[in-house]
Each structure stands twice: as structure tokens, then as C-alpha cells.
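Each chain is listed here by its residues.
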Amino acid sequence: MEQYGEFTENVNRLESNLATVRAVWKDQTAITYDAINENMKVFVSQITAHLENSVAGYNAVKQNYNESQFEDELNRLEAKVAAV
């Protein structure tokens, strides 16, 4: 019976320590992740803005030039580059 009591005490101590760890995680560790998460949000918004600008630019070009004109211009520029 003595061993059972000691075992129960150890289990209770572990549960108490686990509660402490969870509290520290939420109160301290999670706070450090907040700054990381905020930085990630900034980077994602910047990447998204570049993507949106690229798509908008692509769509503007696509609306203003028909495909054959665009291909002709690309071929002309490629010929100029090849000539250099």
C-alpha cells in the first residue's frame, strides 16, 4: 500500500507540473510566437501583394495586346538579344 501511495503522489505531482507547464506555455512561450506570427503575416501580405501586382500586370498586358502581337514582339526582342 505504501508504494501505491507514493505512486499516487508522483502522478499528482506530474499532473501539477503539467498544469504549470501548460500555463507557462500559454503565458510566456506563446507570447514569443506572437511576434513570429506577426512577422509571418507581414511577409505573407508582402508576397501576396507582389503576386497580385504580377497577376494585374499580366492581365493588363493580356487585355491590351492580342496574342499574336505579343508573340511577334517577343520574337523581335529575342532576335535582338540573339544578335548581341
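Residues numbered from 1 in each chain as written. Predicted model: local features only at pLDDT ≥ 70, side-chain atom pairs only at ≥ 80, totals over all residues. Heavy atoms only, no water.

**Side note on the environment of D34**
Structurally, D34 is set in helix α1 (residues 2–64). By relative accessible area, which is 45% here, D34 ends up partly exposed. The spatial distance from the C-alpha of D34 to the C-alpha of N12 is 32 Å, given a sequence separation of 22 residues. (Helix = DSSP H or I, 4+ residues; strand = E, 2+ residues; numbered from the N terminus. Buried < 20%, exposed > 50% of the residue type's maximum accessible area, 1.4 Å probe, protein only.)

**Let's talk about the pattern of salt bridges**
Per the counting criterion, the structure on display carries 3 salt bridges. Close ionic contact of E38 with K41 constitutes a salt bridge, the shortest N to O distance being 3.4 Å. With E38 and K41 both in helix α1, this residue pair falls 3 residues apart, about one helical turn. With relative accessibility at 53%, the residue K41 sits in the exposed group. For E73, the salt bridge goes to R76, with nearest N and O atoms at 2.5 Å. Of this pair, E73 and R76 both sit in helix α2 (residues 67–83), 3 residues apart, which is roughly one turn of that helix. Residue E73 is classed as partly exposed on the basis of its relative accessible area, which comes to 34%. Note on R76: relative accessible area 40%, which makes it partly exposed. (Salt bridge = Lys/Arg side-chain N within 4 Å of Asp/Glu carboxyl O.)

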